Each structure stands twice: as C-alpha cells, then as structure tokens.
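One-letter residues, chain by chain:
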Amino acid sequence: MKADTRPFKLPAARLESALGDAKPPYSDSEALIEANRCLYCFDAPCITACPTGIDIPSFIKKIATGNLRGSARTIFASNMMGISTARVCPVEELCVGACVYNGLNGQPIQIGRLQRYATTKALEQEAASSRPLFTAARDRGKRVALVGAGPASLACAAYLALEGVTPVIFEKSDLPGGLNTTGVAPYKFNTEDSLQEIEWLLGLGIELRTGVTVGADPSLLSLVESHDAVFLGVGLGADHTLGLPGEDGPGVWGATDLIRAIKNRPGFKIPADVGTVLVVGGGNTSIDIARELAMLGVASVTLVYRRTEREMSAYAHELSGARRYGVRLRERLRPVKILRDGERVTGLRMSDLASASEVDLACDWVVLAIGQAKITSGLVPEIQFDDHGRVRVDPKTRRTQHPKIFAGGDCINGGQEVVNAAADGREAAFAMLKDWGVRPALAPTAPPAAMTAPLPAAANEMTGGT
Ligand SMILES: Cc1cc2nc3c(=O)[nH]c(=O)nc-3n(C[C@H](O)[C@H](O)[C@H](O)COP(=O)(O)OP(=O)(O)OC[C@H]3O[C@@H](n4cnc5c(N)ncnc54)[C@H](O)[C@@H]3O)c2cc1C
Ligand code: SF4
C-alpha cells in the first residue's frame, strides 16, 4: 500500500499530448465580454439544468465584477469537481443547452468556458497568495473510508474534509482520478490537468492510498468496522465483449482500454499499418474513441451501430464533432464474426439488419464500445443491486441498505457524467454530516440534487443487447 504519492509521476511520451485543447481557455478580455452578455435571469434555467445546481448567474456576475475568488467559491460550494466539470460536462445538453439565449436566436452563454476561467484564475491567485480559498473546520474525530479515487469519492471526500472529517481514499490504480484520468477524451481534459485538480483537492485535507484494491485485503467489512462511514465510488468494470468468433487476439480492443493506452501508456503508438478501424457501439464512448483515432491520423474510422442514428444514446453534438474529423457512421449492422488472416484482423462480418443479409467490412482494428461491466462482487450482503446491476441507494442520501455504507457515481447510475458523480458525492457527504449533527458551512444555494428515478439509460453505453 502506497500512501499519498504526490506529485504524481506521469509516464513520458504519452500519445494524448498529440491532441490539442478543443475549447482553449478564455483570455481576460474574452471572459469579461462573455460574462457581461449574461442576463442574470431570475429563475435561471441554466441552474436547474445543472445536476449540482451551481448558482451560474451569480458566478458569472462575479467574473464581470472582477471577483474571481468569489466566483470560484460559488462554483465549488455546489460542485467540488468544478475544475474538471468546466471542461468535461456536456454543457450543450445541460446548462448551455438551457440558456435563455437559445430561445432568443442568440448565442448561448459559454458557461463551461467561464467556469474554467474562474476556477483556473482563482487557483492561480490562491497559489500566488497566502489566502486559501477554503479553510477546514476543526477536527471532529470522525474518519470515512472511500473506495475508488474517481470524481464521486473525490467530491465526497472534499466536502467531508472541509467539515473537519478525515477522509481516507483507497484506490486500486497508481494514479487517482478514475475516468477523469484514464477515460475522458484528451482534447477535453488531459491526464496532467486531472492530476492537478486532484492535488488541489487533496490539499483540502484528504488522505489517499493508491495501489490498494478493496475486496480481499482490506475487505469492505473491515473498513466499515474501522471507520465511521464508508463511501463506494468504484465506478464500472471492464469493457463488455461480444463473445464472437475471432474476438480474442490482437487487433480487437475494448474502448476504455484503448483510450487508457492513448492517455497514459508510455510510448504507445497507433501502428502505421492500422489505416482502417471499425468502432462498434452507439454511445458517447464510441464517439470519443472514433474521434480520437481520426485525430491521431487513422485514415478511415467508421462507427457501426445496430440501430439507426436517431436511436443512438450518444449526444448529437458529439457525433457531429466526430464527423468533422471524417468519422463515418454505418447503421443497422450487427457484428457476427471477426475475420482474421492468421493473427491479423482483416475485417468484421456483420448482419445487415436492413437487408437481412451478411456484409464484410475490411479493417485493421475493431474497437468494442458496448458498455462496461457492473461491479457486483466483493461487497457486503446488505448491499443490494437493481435489475441493471446498479448499487441500490436512497435517492436523497445515497445510503445503501447498510446504514454506514453510501455509494455514488457510475456504480449507482450505470454510467452517466462526472457532474452526476460529483452531485452524488456531495449528497452522501451531507447525509453523513447530518447523521453526526454537523451543518455544513459550505452549503450550495440550490436544493440538494435528488436522483431521478427510474434512472435514464447510461449515455456511455450502447443501450440494450447487441
Ligand atoms: C471513455 C469515457 C469517456 C467519458 N467522457 C466523459 C466526458 O467527456 N464528460 C463527462 O462528464 N463524463 C464522461 N464520462 C463518464 C465519467 O467519466 C464517469 O461518469 C465518472 O468518471 C464516474 O465517476 P466515478 O467516481 O463514479 O467512477 P470512476 O471515474 O470510474 O472511478 C472509480 C475508481 O474506483 C477505482 N476502484 C474500482 N474498484 C476498486 C476497488 N475495489 N478498490 C479500490 N479502488 C477501486 C477505479 O480504479 C477508479 O479509479 C466518460 C466515461 C467513459 C468510459
Ligand atoms: S440562462 Fe443564460 S443568460 Fe440566463 S442566467 Fe443562465 S447563462 Fe445567464
């Protein structure tokens, strides 16, 4: 077990550094102009559209008046993952999509970019001064164990730390951050930036132990016994496979494995003889990997989906973004066999659902982006799962059936967004604090985000069977 190994060491020469920033940061004047366009709406729809309910008009007003520290505090009060969510949130579907300017035929306010500006500048000011943005309350003598160092646990731990509770995060990987570090497309948020955010969060008073898989040793039960509460932020498991003939062997990738290699594997390159890639799936992960491959110079990248474009769970703005890099879509095709010449992949045989015939498409690699497994073992008997393998929690408190165990993020929603994980972490922290009679000083302005029930299908998965 390795205790907190800051600063984190990244492997050199990572392929993700070849991918630039899709939405570069605002300059001071750009931010001021954009902030001054905001109408500071009463009952602002942008707030309601945010799963963490950030007081958006208020943080934008503070940018317009030069109060960047106040602006960042407003953001973090509702969302301690305000640095990453500024970059990774699908704002087109959330706050920006709800901005009143959309109904006025105007350009909606670029809320994510303003959030990035405020948080970046405030952290720079904090580093240059001796005035921390936040000061933790006195030690309350409580310890909480958090399993997994993804956005859900990090958000939960940050709120606890600020209230004088000691959070201890156990992470199986050597690098913390979960999918923010290993999965999010590098042109949105790269590994370095994710680790910088985590260093800032840990500075609030969070203990981190990397290289520890909670399960056998330590067991979840032992953590429950030795801590005042436990938070499960374990996310999802390995990429799903299709079980097709020819699937095992080189040239067939799980999407998250390939994305992780692009982001973090030292010296990883796309071989020069890989010119055609087929990506199977219809969710956001399939779009991300297809666009990354196209941006990295793969000549032909095609998404193959078993239904129609209209039925894809991926966001339309993500698909059109990928199309700008030449990614194509073939609809109503269901894979039946990976074709190989010896070890080498040569194509994918598919059932064409429109014509009820079979079609072979030539390719060098096949990438499977058909969802990730749910983690359903190594837990305690009290923890229940729903029919989709998601950990069951109380929708307000995120408490499981075990009174001391809470859960949040992808393991309870099946795979949504970083902002949902951040909201879950916050609500679990507030519920624990309530149990101990602590009223959080840092309370968000909007009412707590209750989970919607039943949960929508996970946006990152290809919904339904193949
Ligand atoms: C390819 C991909 C791209 C995505 N892109 C975006 C995006 O652009 N924008 C967006 O908002 N969302 C995106 N998402 C979704 C988002 O990343 C997740 O919703 C979010 O990271 C979930 O946070 P989490 O904390 O629940 O889980 P995770 O981020 O998965 O973190 C879970 C952590 O728990 C650790 N862990 C698991 N089991 C154990 C154990 N037994 N012991 C110790 N540690 C353990 C894991 O190693 C991991 O670090 C993407 C998802 C994928 C797959
Ligand atoms: S809806 Fe748009 S204009 Fe109104 S407060 Fe929100 S960001 Fe500003």
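Residues numbered from 1 in each chain as written. Chains lettered and ligands numbered in written order. Predicted model: local features only at pLDDT ≥ 70, side-chain atom pairs only at ≥ 80, totals over all residues. Heavy atoms only, no water.

A.B. asks: Hey, could you run me through helix α8 (residues 151–162) in this one?
C.D. replies: Because an α-helix packs 3.6 residues into every turn, residues spaced three or four apart end up facing the same way. Over its 12 residues, α8 runs 17 Å from end to end, which matches the ideal 16 Å to within 8%, given 1.5 Å per residue. Within α8, 12 of the 12 residues are buried, which leaves the element mostly enclosed by the surrounding structure. Taken together, the buried positions of α8 are P151, A152, S153, L154, A155, C156, A157, A158, Y159, L160, A161 and L162. (Helix = DSSP H or I, 4+ residues; strand = E, 2+ residues; numbered from the N terminus. Expected span 1.5 Å × (residues − 1). Buried < 20%, exposed > 50% of the residue type's maximum accessible area, 1.4 Å probe, protein only.)

A.B. asks: When you look at unusual backbone geometry in this model, what are you seeing that I'm missing?
C.D. replies: Residue P218 is reached from D217 by a cis peptide bond, and omega for that bond is 0 degrees. Mapped onto the elements of the fold, P218 is located in the loop between β4 (207–210) and α11 (220–226). Backbone geometry places A356, a non-glycine residue, at a positive phi of 55 degrees.

A.B. asks: Before we go on, may I ask you to explain the nonpolar core in this structure?
C.D. replies: Inside soluble globular proteins, nonpolar side chains tend to come together where they are buried. Core analysis: the biggest nonpolar cluster contains 48 residues, and F76, M80, W200 and L201 have the highest contact counts within it. Contributions of two or more residues to this core are made by α4 (68–78), α7 (111–128), β2 (143–147), α8, α10 (191–202), β5 (229–232) and α16 (418–435). No other element matches α8, which puts 10 residues into this core. In contact with W200, other than residues within four places in its own chain, are F76, M80, I83, L123, E126, L133 and F134. Formed by 30 residues, the second largest nonpolar core is a distinct cluster that contains V274, V277, V301 and L319. (Core = buried A, V, L, I, M, F, W, Y, C linked by side-chain atoms within 4.5 Å. Contact = heavy atoms within 4.5 Å.)

A.B. asks: What am I meant to see in the packing of aromatic side chains here?
C.D. replies: For any pair of aromatic rings, the description rests on two quantities: the centre-to-centre distance and the angle between the ring planes. The final tally for this structure, using the stated rule, is 6 aromatic pairs. Taken together, F76, F134 and W200 form an aromatic cluster joined through their ring pairs. A cation over an aromatic ring shows up here: R37 above the ring of Y101, its NZ or CZ 5.0 Å from the ring centre. Over the ring of Y187 we find R291, and its NZ or CZ is 4.1 Å from the ring centre. (Phe/Tyr/Trp six-rings, centres within 6.5 Å; stacked < 30°, edge-to-face > 60°. Lys NZ or Arg CZ within 6 Å of the ring centre and 35° of its normal.)

A.B. asks: Where do I start with the site of ligand 1 in this structure?
C.D. replies: Neighbouring ligand 1 are 34 residues; V88, E171, L179, K188 and D410 lie closest to it. The contact in question runs from an oxygen atom of ligand 1 to an N or O atom on the backbone of P151, over 3.2 Å. Contacts to ligand 1 include A152, whose backbone N or O atom sits 3.0 Å from an oxygen atom. Within the complex, 94% of the 1000 Å² of free accessible area of ligand 1 lies under protein. Contributions of two or more residues to the shell around ligand 1 are made by α8, β3 (166–171), α12 (255–264), α13 (284–295) and α16. (Near = heavy atom within 4 Å. Polar contact = N/O pair within 3.5 Å; in protein donor to acceptor, adjacent residues only side chain to side chain. Areas by Shrake-Rupley, 256 points an atom, 1.4 Å probe, with all protein chains shown as cover.)

A.B. asks: What exactly am I supposed to notice about the confidence of the model for the chain here?
C.D. replies: Detailed reading of predicted coordinates is not advised where the pLDDT is low. Looking at the chain, pLDDT values average 93 and 94% of them are 70 or higher. In the predicted structure, residues 452–466 sits below a pLDDT of 50 and forms 45 contacts with residues beyond four places in sequence or in another chain. (pLDDT = per-residue confidence, 0-100.)

A.B. asks: Mind showing me how you'd approach the pattern of salt bridges here?
C.D. replies: Oppositely charged side chains can form a pair if their charged atoms are brought close together. Enumeration according to the criterion identifies 23 salt bridges in this entry. A salt bridge links E163 to R140; its shortest N-O distance comes to 3.7 Å. Here R140 lies in the loop between α7 and β2 and E163 lies in the loop between α8 and β3, a separation of 23 residues in the sequence. Take R140: its relative accessible area is 28%, and that puts it in the partly exposed class. (Salt bridge = Lys/Arg side-chain N within 4 Å of Asp/Glu carboxyl O.)

A.B. asks: Please clarify how the side chain of E427 should be interpreted in this entry.
C.D. replies: Structurally, E427 can be placed in helix α16. Look at E427 and you get buried, because its relative accessible area is 5%. Reaching out from E427, the side chain makes a polar contact with the side chain of R426 at a distance of 2.8 Å.

A.B. asks: Where do I start with the environment of R209 in this structure?
C.D. replies: With respect to the secondary-structure elements, R209 resides in strand β4. Sequence-wise, R209 and K172 are 37 residues apart; in three dimensions their C-alpha atoms are separated by 8.5 Å.

A.B. asks: Where do I start with the environment of Q384 in this structure?
C.D. replies: Among the structural elements, Q384 can be located in the loop between β13 (365–368) and β14 (405–407). Other than its neighbours up to four places away in sequence, Q384 contacts R390, V391, R392 and Q401.

A.B. asks: Mind showing me how you'd approach the packing of α12 against α13 here?
C.D. replies: Between two packed helices, the angle of one axis relative to the other and the distance separating the axes together describe the packing. One can describe the packing of α12 onto α13 by two numbers: an axis separation of 10 Å at closest approach and a directional angle of 40 degrees. Between α12 and α13, the crossing angle belongs to the class labelled oblique. The interaxial crossing formed by α12 with α13 has left-handed handedness. Here A255, L258, I259 and I262 of α12 come into contact with α13, specifically with T285, I289, E292 and L293. Grouping the constituent residues of the contact of α12 with α13 by class yields 6 nonpolar, 1 polar and 1 charged. (Axes fitted to C-alpha atoms, helices over the stretch in contact; angles between N-to-C directions. Parallel < 35°, antiparallel > 145°, perpendicular 65-115°, else oblique. Left-handed = near helix turned anticlockwise from the far one by under 90°. Nonpolar A, V, L, I, M, F, W, Y, C, P; charged D, E, K, R; others polar.)

A.B. asks: Which parts of the structure should I look at to understand the sheet that holds strand β11 (residues 344–352)?
C.D. replies: In a beta sheet, neighbouring strands are held together by backbone hydrogen bonds and run either parallel or antiparallel to one another. Taken together, the 3 strands give an open sheet; going across it, the order is β10-β11-β12, and neighbouring strands pair in antiparallel fashion. The open sheet has two edge strands, β10 (333–341) and β12 (357–362), and neither has a second partner. The sheet shows a mean angle of 25 degrees between the axes of neighbouring strands, taken without regard to direction. (Pairing = 2+ DSSP bridges.)

A.B. asks: I would appreciate a short explanation of the environment of L379 in the present structure.
C.D. replies: Along the chain, L379 falls in the loop between β13 and β14. Judged by relative accessible area, L379 falls into the partly exposed class, the value being 26%. Distance in space between the C-alpha atoms of L379 and L353 is 41 Å, their sequence separation being 26 residues. Setting aside its immediate chain neighbours within four residues, L379 contacts L220, L232 and F385.

A.B. asks: Whenever I open this one, the pairing of strand β8 (residues 300–304) confuses me. Can you help?
C.D. replies: Consecutive residues of a regular strand have side chains that alternate between opposite faces of the sheet. In terms of burial, β8 is a largely internal element, 5 of the 5 residues being buried. Alternating positions in β8 separate into two faces, S300, T302 and V304 on one and V301 and L303 on the other, with burial throughout. The pairing of strand β7 (residues 276–280) with β8 spans 5 bridges and is classified as parallel. Paired with V279 across the strands is L303, a residue of β8. Taking the sense of rotation as the criterion, the β-α-β connection linking β7, α13 and β8 turns out right-handed. (Right-handed = clockwise from strand over helix to strand, strands pointing away.)

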